[in-house]
Amino acid sequence: MVSRVIPVEPFDLVIFGGTGDLARRKILPGLYRRFVSGQMPPEARVIGAARSEFDDAGYRNEVRDALVEFIAKDKLDDDRVAAFLDRLHYVAIDATGEAGWSELADLMRENVVRAFYFSVAPSLFGALAERLHMHRIADADSRIVVEKPFGRDLASARQLNQTLAEHFEETQIYRIDHYLGKETVQNLMAVRFGNVLFEPLWNAQYVDHIQITVAETVGVGGRGGYYDKSGAMRDMVQNHLMQLLCLIAMEPPSRFDPDAVRDEKLKVIRALEPVESRDIVRGQYQRGSNSASYLEDVEDEQSRTESFIAMKLHVSNWRWAGTPFYVRTGKRLRARQSEIAVVFKDAPHSIFGEEAGRHRNILTIRLQPNEGMTLGVTIKEPGPGGMRLIDVPLDMTFADALGPDNDDVTDAYERLVMDVIRGNQTLFMRGDEVEAAWAWTDPIIEGWQMRDMRPKPYEPGTAGPEESAMLLHRENRRWRAIRD
Ligand code: NAP
């Protein structure tokens, strides 16, 4: 398969927080993979920036260690690693002080794309933006990349947007939601809008309901302090699950262009109805045979923060009137599994009679493991014995379909970083989208706080609290299995 990758221009990418966890685990390994696949122009440079004192050689050693830790052994090649490390520089800098800024200004080149990845705590964004301008390091063509969490409520997200807007235009700001960088998520748009088959059926008349599941097996681990202040609603639903829901529910944009796509997503968020408390289940994992409980993990016996949430949502517009969207996400569940399932309605009349049973088309979009899509279709069971119906999957696993060279379904981060260099904002959240998502989320969280609601306990290794199953059972539906 000949790949037609849109080339990127030469760039200087500065990673503020270039020594941190995200840079080591995701950003730098992602850049290495792009380098190896020949998608980094020869003049491209990456500049790490943080307070720790390193020279270029010391930083390269650090990054070498990170590559060894986070890249599969068979993908590491000494010569390529050395060539990649040659592109790396380092400046010791303090976001809140004056140290290092003039060195950075001297290092930056003219006539290349300048991008600044803010891989630091959000409390430093304002100081970074201000100093980039004060030292004339950023100009009208520069791009900045910011990470989640983008605020913890509407007020703080607005404040963050205002801080960034003091120094950068919206067209320069790239708010990362790495779910949008996943191959399958983009393929969802290709399947919906590139085929004639699906779009006519993509509405309340033919879709019974939609399920979005993001299940994790891990607990909060070492992130207990951070997680306990956010919980599943802030950490996962307000951003990742909301973005998935938008891509499923949005109207066809007029073009695959950043504002056309983001305008349609924004309309979906604004059409979300407030959720009644009977349509929400919150949970906390209990102690397992060899794992601590949520309360033990966060070292707070009184914590009311949810490690699991399931909700029934309604998108109140013509297309989706009456079609529920069930979303759930949680930690310490049975398996690591993220998927969207579009469950179509039964055929209006069965010519095969009662005994043929009930068969439904389900389009499953798997984000992990094994990214891909499956369409369940009903056929006759082969062989003699009369007309018996069975459901078979029409499977499209991308790694298979794209051939052996694509065994690494490209990691979301590297795709997104290259989109920043290309200046393509389609897969990044716009400021008004983030604010609209918080405007919908805030009253729900405030309601829990006012009523001092305690999450329901659930056993680790299950699909969450019993009450989550009831959310669908009471409407004669059921969650799709979370399988090992
Ligand atoms: P981290 O491991 O704590 O790293 C923070 C980085 O910021 C370090 O490189 C640190 O280096 C640097 N730093 C701290 N204070 C600084 C200052 N005053 N001036 C300049 N540099 C400073 O954090 P992280 O996990 O990489 O997270 C970075 C950002 O990504 C955060 O906004 C986080 O919410 C977000 N994020 C992280 C993950 C993840 O998986 N880690 C996932 C999603 C989002 P020095 O101490 O040497 O200065």
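Residues numbered from 1 in each chain as written. Predicted model: local features only at pLDDT ≥ 70, side-chain atom pairs only at ≥ 80, totals over all residues. Heavy atoms only, no water.

### Focus: the side chain of Arg477
Positionally, Arg477 belongs in the segment after α14 (466–473). One polar contact links Arg477 to Asp208, side chain to side chain, over a distance of 2.8 Å. Other than its neighbours up to four places away in sequence, Arg477 contacts Asp208, His209, Pro324, Tyr326 and Leu472. (Helix = DSSP H or I, 4+ residues; strand = E, 2+ residues; numbered from the N terminus. Polar contact = N/O pair within 3.5 Å; in protein donor to acceptor, adjacent residues only side chain to side chain. Contact = heavy atoms within 4.5 Å.)

### With respect to the packing of aromatic side chains
This structure, assessed with the given rule, holds 15 aromatic pairs. Relative to Phe118, the ring of Phe16 lies with its centre 6.0 Å away and its plane at 70°, an arrangement referred to as edge-to-face. Residue Phe16 is located in strand β1 (residues 11–16), and its partner Phe118 is located in strand β4 (residues 113–118); the two are separated by 102 residues in the primary sequence. With respect to class, Phe16 is no different from Phe118; both count as buried. A centroid spacing of 5.4 Å and a plane angle of 85° characterise the contact between Trp320 and Phe325, whose relative ring orientation is edge-to-face. Judged on exposure class, the residue Trp320 and its partner Phe325 are both buried. Members of the aromatic cluster, each reached through a chain of ring pairs, are Phe16, Trp101, Phe116, Phe118 and Phe125. Across from the ring centre of Trp448, 4.1 Å away, lies the NZ or CZ of Arg282, which sits over that ring. One cation-aromatic arrangement involves Arg332 over Tyr285; the distance from NZ or CZ to the ring centre is 5.5 Å. (Phe/Tyr/Trp six-rings, centres within 6.5 Å; stacked < 30°, edge-to-face > 60°. Buried < 20%, exposed > 50% of the residue type's maximum accessible area, 1.4 Å probe, protein only. Lys NZ or Arg CZ within 6 Å of the ring centre and 35° of its normal.)

### Observations concerning the sheet that holds strand β6 (residues 173–175)
Overall, parallel pairing links the 6 strands, which are arranged β3-β2-β1-β4-β5-β6 in an open sheet. Looking at strand neighbours, the two that pair on one side only are β3 (88–92) and β6, the edges of this open sheet. In this sheet, adjacent strand axes meet at a mean angle of 20° when their direction is disregarded. Bridge analysis of β4 against strand β5 (residues 143–146) gives 4 bridges, and the strand direction is parallel. Counted as the bridge partner of Phe116 is Ile144 from β5. The strands touched by helix α2 (residues 56–70) are β2 (45–50) and β3; relative to β3, the strand with the most contacts, the crossing angle is about 115°. Contacts from helix α5 (residues 125–134) reach β1, β4 and β5 within the one sheet, and its direction differs from that of β4 by about 155°. (Pairing = 2+ DSSP bridges. Axes fitted to C-alpha atoms, helices over the stretch in contact; angles between N-to-C directions.)

### What about the UniProt feature "binding site: substrate" (unreviewed entry) in the protein chain?
Those residues carrying the UniProt feature "binding site: substrate" (unreviewed entry) are His178, Lys182, Glu216, Asp235 and Lys331 in this numbering. Along the polypeptide, His178 turns up in the loop between β6 and α7 (183–194). We classify His178 as partly exposed; its relative accessible area is 23%. Not counting residues within four places of it along the chain, the set of residues in contact with His178 comprises His240, Ala412, Tyr413 and Leu416. With near-sequence residues (within four places) excluded, Lys331 lies in contact with Glu216, Val218, Gly219, Val220, Arg223, Tyr227, Tyr285, Ser307 and Tyr458. (UniProt positions renumbered as here; feature names shortened; annotations may be inferred.)

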